[in-house]
Every structure is written in C-alpha cells, then in structure tokens.
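Next come the chains, spelled out residue by residue.
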Amino acid sequence: MARETPSQTIGPFFHEALIRPGENILAGDDTAGARIVVEGRITDGDGAPVGDALVELWQANAAGRYAHATDARAEVPLDAAFTGYGRGRTDGDGVFRFETIKPGPVPGPGNSLQAPHLNLVIFARGLLNHLTTRLYFEDEAANETDPVLNLVDEARRGTLIAQRRERGGQTVYRLDIRLQGAGETVFLEA
Amino acid sequence: MSDGDTTYPPRDLASHPPALHEAYGSTKARAPSLAPVVVPHTLSELTGPRLGLDRHEAIDADLTRNAVRNGAPLGERIVVTGRVMDEGERPVPDALVEVWQCNAAGRYHHPGDQHDAPIDPNFSGAGSCVSDADGRYRFTTLKPAAYPWGNHPNAWRPAHIHFSLFGPATLTRLITQMYFPGDPLLPLDPIFMSTPAGARDRLVAAYDHDVTMPGHALGYRFDIVLRGRRATPGEG
C-alpha cells in the first residue's frame, strides 16, 4: 500500500500556471439554464481580505447531472455546452466572481435529493491543506431537507447559503467566506 | 482506477499537515479554528473536472522551451518524472499535472515576487502535462533555487516545485510541493516541517541516474500518491 502524498500550501505565486483569463466564466451562449453571477469575499481571522486565493467551482448542469462518468444517469441529460468547472483568483479586496448557471438538484445518500449547490475548493498561502465548502441558494425550498445542510449546526448553516439580489439585470448570489473566527464558514471533510 | 470506481477510504489525515502550524506565520490568521463537518460521499464529491489533453500541448511539459523569447533560459536543466497512483498503487491515468516554480536565480515570474534576483525573460516557470495510461508524467525544467521570504529572520525556502493534480474526483484534488534530496534548508523550512514526520520524505524527490539524460540533464523521480482505493488488485 502506498501512503498519500502530503498536501502543501499553494503559496502566493501560482497565477502564471493556474489562472487563465475567462476560466471563471462557466456559462457560454449555448449553455442551458438560468444565468447567475456568484461572488463573495474571503477574509481571514483578522477580517483582512485574502487577496491571493484560488477558488475552484464544480457543479452539476441545469438538469442536475455532473459531466463525469461516475454520474451515469442516462435519464438526466448532459449539456455539451457545460463542463461544470471553473476557477478564478480573488482580487486585492479578497473578492472572487463566477458567471455560471444555477444547477439542478442531484441525488444524495439513499433516496434523498440534495438541494441545488455549488462545490467550492479554496487554496491560499497559509492554507497547508485546501478547504472544501458548498454554496446553497437562499431561494430554494429544498434547503430544508438537504442531507448535507442538515448535518450542520443550525446556527452555522447560514455560512453556506448565498443571498440573492438583482443587479443591473443580473441575478447575483453572494456568499462571503470567513476562514477563521466569528462567523467562520463551515468547511466540509468528505 | 477507472472513473466508475466510487469507493474512497477516509482521507489519511496522518499524511497531511495540520491547519495551524505556528512556525508558518500565514497559518495563524487563515487556518480555520473549527473542525470540518464530515459529509457522506455523494455524486458531488465522487465526480470532478476531467481536464486533459485539450488543455495543453506537448511543449507545455518543457519549461526550458515553453516561454522562450530570445534564447535559452539560464540554469541547470533537469528532468522530473514519476508515476501518479492511488493508495493501492494502481496508476492514475489522464490526471492533469500542473507545475510552477521560480527560476534558477530564485525569482518567480510574478509581480508579487520582489526578491532582488534577476528575472529570466525566457522562463515562465509554469508547465503542464497529463499522466499516461501507466500514470506517468514527465517535465523538463531548470533546477529552481532557494529564495528568502519574510516568515522569520533569515528565512529561506528550500528549492521546490509546486505541483497541482486533478485525479478522478474532487476527493482526489491535491496541491503540493516537491523538494530536492540533501537540501540543508529542509529542516529549517516551516512549510516542509509542517508535514508529519513520517510523511515528509514523500515530498522529497529521488535522484535517479536512469532518468538522467547523458550530456543534457540530471534526472529526478517523484511519485505522487492520490487518495484512492487501498486494496491492491485481487485483494478487494
């Protein structure tokens, strides 16, 4: 048996290798689904912006299917115009931003159904291991019965639920991420 | 491992650094203070982006050539190669491997790097490749140098290459750093030393004379183990 290679921090100098312009835009002209903007600000335990983070997004398509062989549900359509993956950097103010579509619900354990959500992975200087979290949408009734949200203390659940607003003709979901301290975001270990 | 294999053991926590490692100053305000919430493995965790051949060309794996503007970059050419595998030592094919590093003088191609060492106009320090059917990857590059940083007085990072890997699922995502054997800075480096003692040596490449290219470049071997089934074929 081989043991896992240890994680190390991404450090502050990853941009040349990992950031490509436009890779935070997941939805193209032909992508099915409701266009949304997802944004948020990452701050540390002192409230300072984390301006050197890498944020990765992985999500199902509008029908609720992941573009991956393990999601083999032929009855749920794939979308040839949507990979479900994006990544972007935070700016100097700690803000990340994605343009994507709202995903459909996906199966959970047993016969349960998970509320629509985005999977977020965060890397930054000072994070020796990456952090995993989810973004849920405040206007989804299915949040009440979501099997993962219900594992989280009710008092902390709000750190995973993005707030919706309309801005300049766009639907924007905002979720700020606090790495440490008051209002600390719930991070997940799978 | 095939995409259809959806069984993953728990993350091997003894192999990874803690969130907070006081000697590495940047962890103090950034490490979460609360334990993560353990969640079941649903399709959200068992799937992940399959980023592969469409993302790069063969030259992207040769950092001595992929950013040339007016000549060869300066430094000691090396080859870094190895296998990407799971915990059962099965190969992980089609894994996107992305690397980045400073140049042979210890300076990154990055506006945030203010170290007083020369920029090499012919070296970006960034490369990528995809593992083959046996999980093998291979880069040609320059040996990176040590460089100072502000973590503590007279702090120097040992020479290292950053590695980013996408395996079959979100669960297998890994970003790490590869170090060089015999580097006297290793025991002085709080990032390397944040790793549990029994796991640190997995971050150090081995010099491999069979990889060394006569008259051209020294060879280093660095195998990478991603989370994945622990049983070997026949046991499971």
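Before reading further, recall that the structure is shown in the block above.
The sections below set out a description of the structure shown in this document. Per-chain numbering applies: the sequence of each chain, read as written, is numbered from 1 onward. Starting at A for chains and at 1 for ligands, labels are handed out in the order in which the entities are written. With the structure being a predicted model, the display of local features is reserved for residues of pLDDT at least 70 and the display and counting of side-chain atom pairs for 80 or more, all residues being used for whole-chain, interface and lining totals. Side-chain numbers here rest on the full set of heavy atoms in the structure, without hydrogens or water.

## Notes on the overall build of chain B
Next, step 1: Only DSSP runs of H or I with at least four residues qualify as helices, and only runs of E with at least two residues qualify as strands; both kinds are numbered from the N terminus onward. Tallying secondary structure elements over chain B gives 2 helices and 12 strands in all.
Next, step 2: For chain B, the succession of helices and strands along the chain, N to C, is β-α-β-β-β-β-β-β-β-β-α-β-β-β.
Next, step 3: Throughout, radius of gyration means the C-alpha value; the globule benchmark is 2.2 Å times the number of residues raised to the power 0.38. For chain B, the C-alpha radius of gyration of 19 Å lies close to 18 Å, the compact-globule estimate for 236 residues.
Next, step 4: Seen through its principal axes, chain B has C-alpha atoms that stretch 50 × 40 × 30 Å.
Next, step 5: Accessible areas in this description were obtained via Shrake-Rupley with a 1.4 Å probe; residue shielding takes into account the shown protein chains only. Approximately 9900 Å² of chain B is accessible, and the part contributed by carbon and sulfur atoms is 56%.
Next, step 6: Taking the average place of the 22 positive charges on the side chains of chain B and the average place of its 27 negative ones, the gap between the two points comes to 3 Å. His residues and chain termini do not enter the charge count, which takes Lys and Arg as positive and Asp and Glu as negative. A charged residue contributes its charge at one atom only: NZ of Lys, CZ of Arg, CG of Asp or CD of Glu.

## Points about the interface of chain B and chain A
Next, step 1: Working rule for contacts: check all heavy atoms of both residues, and any pair within 4.5 Å makes them a contact. Counting residues at the interface gives 78 residues for chain B and 67 residues for chain A.
Next, step 2: Two parts lose some accessible area (1.4 Å probe) when they are put together, and adding that loss for both gives the buried area. Looking only at chain B, the three residues that lose the most surface to chain A are R30, L43 and I175 of chain B, adding up to 13% of its buried area.
Next, step 3: Definition used for salt bridges: Asp or Glu carboxyl oxygen within 4 Å of a side-chain nitrogen of Lys or Arg. Our count for the chain B to chain A interface comes out at 5 salt bridges.
Next, step 4: In the analysis that follows, any N or O atom pair within 3.5 Å is treated as a polar contact, provided that within protein one partner can donate a hydrogen and the other can accept it, and provided that, for residues neighboring in sequence, both atoms belong to side chains. Taken together, chain B and chain A are joined by 40 residue pairs in polar contact (both at pLDDT 80 or more).
Next, step 5: It is strand β9 (residues 174–179) of chain B that provides the largest number of residues to the side of chain B that touches chain A, a total of 5 residues.
Next, step 6: Under the grouping applied here, Gly and all other residues not named as nonpolar or charged are polar, the nonpolar ones being Ala, Val, Leu, Ile, Met, Phe, Trp, Tyr, Cys and Pro and the charged ones Asp, Glu, Lys and Arg. Classifying every residue of the side of chain B that touches chain A by side-chain character gives 36 nonpolar, 24 polar and 18 charged.
Next, step 7: At least two DSSP bridges between two strands are required for those strands to pair. Sheet topology places strand β12 (residues 188–189) of chain A next to strand β1 (residues 37–38) of chain B; 2 bridges connect them, and they run parallel.

## Considering the nonpolar core
Next, step 1: We call a set of buried Ala, Val, Leu, Ile, Met, Phe, Trp, Tyr and Cys residues a nonpolar core when their side-chain atoms join them within 4.5 Å. When a residue's accessible area, from a 1.4 Å probe over protein chains only, is under 20% of the maximum for its type it is buried; when over 50% it is exposed; and in between it is partly exposed. Judged by nonpolar contacts, the single largest core of 27 residues is most densely connected at I42, L135 and I177 of chain A.
Next, step 2: Secondary structure elements with two or more residues in this core: β1 (35–43), β2 (53–58), β4 (95–101), β7 (117–124) and β8 (131–137) of chain A.
Next, step 3: For this core, the element with the highest residue contribution is β7 of chain A, accounting for 4 residues.
Next, step 4: One finds A95, C129, F180 and A205 of chain B within the second-largest nonpolar core, a separate group that totals 26 residues.

## Details of the state of the cysteines
Next, step 1: Any two cysteine sulfur atoms lying within 2.5 Å of each other are counted as a disulfide. Under the defined criterion, the tally for this structure stands at 0 disulfides over all chains.
Next, step 2: Note on C102 of chain B: no disulfide assigned, nearest cysteine sulfur contributed by C129 of chain B at a separation of 19 Å.

## Focus: the sheet that holds strand β4 (residues 126–130) of chain B
All names here are of chain B.
Next, step 1: Pairing is antiparallel in the open sheet, where 4 strands are placed in the order β4-β3-β8-β9. Across the chains shown, the open sheet's two edge strands, defined by having one partner strand only, are β4 and β9. Within this sheet the neighbouring strands show an average axis-to-axis angle of 20°, counted without direction.
Next, step 2: Inspection of the sheet shows strand β3 (residues 96–100) paired to β4 by 5 bridges, in the antiparallel sense. Each residue of the ladder has a partner; that of V97, found in β4, is C129. Between N-to-C directions, angles cover 0 to 180 degrees, with each direction set by a line fitted to C-alpha atoms, over the stretch in contact for helices.

## Description of the side chain of T176 of chain B
Next, step 1: Note on placement: T176 of chain B falls in strand β9.
Next, step 2: Residue T176 of chain B is classed as buried on the basis of its relative accessible area of 0%.
Next, step 3: Here the side chain of T176 of chain B touches P6 of chain A through a polar contact of 2.7 Å, landing on its backbone oxygen.
Next, step 4: Excluding anything up to four places from it in sequence, T176 of chain B contacts T5, P6, S7 and Q8 of chain A together with I161, H162, F163 and L203 of chain B.

## Regarding the side chain of N122 of chain B
Residue and element names in this part refer to chain B.
Next, step 1: Residue position: N122 is located in the loop between β3 and β4.
Next, step 2: Under the relative-accessibility criterion, N122 is labelled buried at 4%.
Next, step 3: Engagement of the side chain of N122 in a polar contact is seen with the backbone nitrogen of N70, the distance being 2.8 Å.
Next, step 4: Here N122 is in contact with A67, V68, R69, N70, G71, A72 and P73, once residues within four sequence places are set aside.

## Considering the pairing of β3 of chain B
Residues and elements named next belong to chain B.
Next, step 1: Counting buried residues along β3, 5 of its 5 residues qualify, which places the element largely inside the surrounding structure.
Next, step 2: Of the two faces of β3, both are covered, the one formed by L96, E98 and W100 as well as the one formed by V97 and V99.
Next, step 3: Sheet topology places β3 next to strand β8 (residues 160–166); 5 bridges connect them, and they run antiparallel. Bridging across to β8, V97 finds its partner in L165.

## A short note on the packing of aromatic side chains
Given two aromatic rings, their pairing is described by the distance between the two centres and the angle made by the two planes.
Next, step 1: Put simply, two rings from Phe, Tyr or Trp (the six-membered ring, in Trp's case) pair if the centres are within 6.5 Å, and we call them stacked under 30 degrees between planes, edge-to-face over 60, tilted for the rest. Going through the model one piece at a time under the given rule, you end up with 14 aromatic pairs over all chains.
Next, step 2: Ring centres of Y85 of chain A and F166 of chain B lie 5.6 Å apart, and the angle between their planes is 85°; on these two criteria the pair is classed as edge-to-face. Taken together, the residues Y85 of chain A in strand β3 (residues 85–89) and F166 of chain B in strand β8 connect one chain to another. Taken individually, Y85 of chain A and F166 of chain B each receive the classification buried, so the pair is uniform in this respect.

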